[in-house]
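Chain residues, written in single-letter form:
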Amino acid sequence: MALELDPEVAIAMAPMGQAMASMTLPAVGDVEGRRMMWEPILAAASDAVPASPDVTVTERTIPTADGATITARWYVKEGAEPGPAAIFFHGGGYIFGHIEQFDGPVARYASLSGVSMLSVEYRRAPEHPYPTPLEDGYAALTWLHTHADELGVDVDRIGVMGDSAGGGLAAAVSILSRDRRGPAIAQQILLMPMLDDRTTTPDPHIEPFLIWSYDDSRTAWPALLGDRAGGPDVPATAAPARLDDHAGLPPAYIEVGQLDVFRDEDTAYATALSRAGVPVELHLRPGVPHEFDSIAPDADVSGRALADRIRVLSSL
């Protein structure tokens, strides 16, 4: 039996498919073309999320290891008690996306869970290749621990959360903090995470349904890693699927669609974590592609995914 789209997602995807059929898609290696195509889509998806008037957003400045500064946004629900927080890393294949294009989803996470959120404007490739995005993420983690008292955050209840490349970055920051014996992370929440630079051979069963394509991966990983992409010397803090020792990592929630380029690497990572004794909750969402919840926010599968994410955030 052939794979097929969830019916509600298929309806929502139809206009996108028609539009993309008439477009000339960016060639492999064309980062600017992908920025021009995807950033307006990200912004529109964020704006479509219902407003969260009970959430206050303030901007913060975080110093980085190389002497620069990055911007972050701090989301707090009105009346929230001191307690947990989560650091959010946005998607975009490490090559596009900004925090303002994820305002809607992050504010909704804070509103529905009551957990304060720190959304990080990490620097992007190829202008800032590995390890800069990783070090920016780690700087955000150490900054939040350092400022926990003034922000009303319990340092034992800080999670990392990310979407797509941001999910890969959340996993990588978890590895780096373990290896450096850095700040504790209570939970890693990895949404369709981008974990493996070696995922470049198309799967014909899912290729017709892809949103993030194999050509996108063939562009993004070399932008981040240069000539090392796909080679033998890529560290696990760049591509977490390369990790050999998973012991001692934070409990993980991992979610991916059945029709997503990252499906196999995500399910393999969940298995590797579990075999190392790390508590794992894995959701393989049937019949949906990458970023299905942004494409079809009103679909039943998207509602179930949001409820699971809020449940895990609320358990911090």
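## What about the sheet that holds strand β4 (residues 116-120)?
If you trace the eight strands from one edge of the open sheet to the other, you get β1-β2-β4-β3-β5-β6-β7-β8, paired in mixed fashion. The sheet terminates laterally at β1 (55-63) and β8 (280-289), the two strands that pair on one side only. The average angle at which neighbouring strand axes cross in this sheet is 20°, direction not considered. Across six bridges, strand β3 (residues 83-89) lies against strand β5 (residues 153-163) in parallel orientation. Its bridge partner being in β5, isoleucine 87 is matched across the sheet by valine 160. With respect to the sheet, helix α3 (residues 103-113) is in contact with β1, β2 (69-77), β3, β4, β5 and β6 (187-191), its orientation differing from that of β2 by roughly 40°. Those strands touched by helix α8 (residues 263-275) are β6, β7 (252-259) and β8, and its axis lies near 150° from that of β7.

## Here's the deal with the packing of aromatic side chains
Under the counting rule described, the total for this entry stands at seven aromatic pairs. When the ring of phenylalanine 88 is compared with that of tyrosine 109, the centres are 6.3 Å apart and the planes differ by 45°; the resulting orientation is tilted. Pair noted here: phenylalanine 88 is in strand β3 and tyrosine 109 is in helix α3, with a separation of 21 residues, a long-range link. The burial state of phenylalanine 88 is the same as that of tyrosine 109; both residues are buried. For the pair tyrosine 94 and tyrosine 122, a centre-to-centre distance of 6.4 Å together with 65° between the ring planes defines the contact as edge-to-face. Here tyrosine 94 is found in the loop between β3 and α3, whereas its partner tyrosine 122 is found in the loop between β4 and α4 (132-146), with 28 residues between them in sequence. The same class applies to tyrosine 94 as to tyrosine 122, namely buried.

## Overview of the packing of α3 against helix α10 (residues 300-314)
α10 packs onto α3 with a crossing angle of 60° between their chain directions and a minimal axis gap of 9 Å. Crossing hand, α3 versus α10: right-handed. Contacts between α3 and α10 pair Arg108, Tyr109, Leu112 and Ser113 from the former with Leu306, Arg309, Ile310, Leu313 and Ser314 from the latter. Considered class by class, the residues forming the contact of α3 with α10 number five nonpolar, two polar and two charged.

## Looking at the environment of proline 50
Within the fold, proline 50 resides in the loop between α2 (31-47) and β1. Relative accessible area serves as the criterion here: at 57%, proline 50 is assigned to the exposed category. The spatial distance from the C-alpha of proline 50 to the C-alpha of arginine 108 is 7.8 Å, given a sequence separation of 58 residues.

## Quick look at the nonpolar core
Core analysis: the biggest nonpolar cluster contains 100 residues, and Ile87, Met117, Leu144, Tyr269 and Leu313 have the highest contact counts within it. Counting residues per element, this core draws most heavily on helix α6 (residues 165-180), at eight residues. Every residue in contact with tyrosine 269, bar those within four places of it in the chain, is listed here: Ala171, Ile175, Leu190, Leu195, Pro240, Ala241, Leu243, His246, Leu249 and Ile254.

## Details of α2
Taking 1.5 Å per residue, 17 residues should reach 24 Å; α2 reaches 24 Å between its end C-alpha atoms and fits that length. At tryptophan 38, α2 shows its maximal bend, which comes to roughly 30°, and the proline proline 40 appears one to four places after that position. Three or more residues of α2 are buried, namely Val31, Gly33, Arg34, Arg35, Met37, Trp38, Glu39, Leu42 and Ser46. Looking at the packing, one finds that the buried side of α2 touches α3 and α7 (214-225).

## Side note on the pattern of salt bridges
Here the structure, examined in full by the defined rule, presents 22 salt bridges. A salt bridge links arginine 263 to aspartate 264; its shortest N-O distance comes to 2.7 Å. On the accessibility criterion, arginine 263 (14% relative accessible area) is buried. Residue classification places aspartate 264 among the partly exposed positions, given a relative accessible area of 47%. Residue arginine 285 is joined to aspartate 308 by a salt bridge in which the shortest nitrogen-to-oxygen separation is 2.9 Å. On the criterion of sequence distance, the pair formed by arginine 285 in strand β8 and aspartate 308 in helix α10 is long-range, its members being 23 residues apart. The same class applies to arginine 285 and to aspartate 308, which are both buried. What you see here is one network of salt bridges that share partners, running through Glu255, Glu281, Arg285, Asp293, Asp308, Arg309 and Arg311.

## Some remarks on the environment of isoleucine 62
Take isoleucine 62: it is sitting in strand β1. Expressed as a C-alpha distance, the spacing of isoleucine 62 and threonine 132, which sit 70 residues apart in the sequence, is 14 Å. When residues no more than four places from it in sequence are discounted, the contact partners of isoleucine 62 are Ala68, Thr69, Ile70, Ala72, Leu118, Ala139, Ala140 and Trp143.

The rules we used
- Residues numbered from 1 in each chain as written.
- Predicted model: local features only at pLDDT ≥ 70, side-chain atom pairs only at ≥ 80, totals over all residues.
- Heavy atoms only, no water.
- Pairing = 2+ DSSP bridges.
- Helix = DSSP H or I, 4+ residues; strand = E, 2+ residues; numbered from the N terminus.
- Axes fitted to C-alpha atoms, helices over the stretch in contact; angles between N-to-C directions.
- Contact = heavy atoms within 4.5 Å.
- Phe/Tyr/Trp six-rings, centres within 6.5 Å; stacked < 30°, edge-to-face > 60°.
- Buried < 20%, exposed > 50% of the residue type's maximum accessible area, 1.4 Å probe, protein only.
- Left-handed = near helix turned anticlockwise from the far one by under 90°.
- Nonpolar A, V, L, I, M, F, W, Y, C, P; charged D, E, K, R; others polar.
- Core = buried A, V, L, I, M, F, W, Y, C linked by side-chain atoms within 4.5 Å.
- Expected span 1.5 Å × (residues − 1).
- Bend = angle between axes of the 7 residues up to and from the residue.
- Salt bridge = Lys/Arg side-chain N within 4 Å of Asp/Glu carboxyl O.

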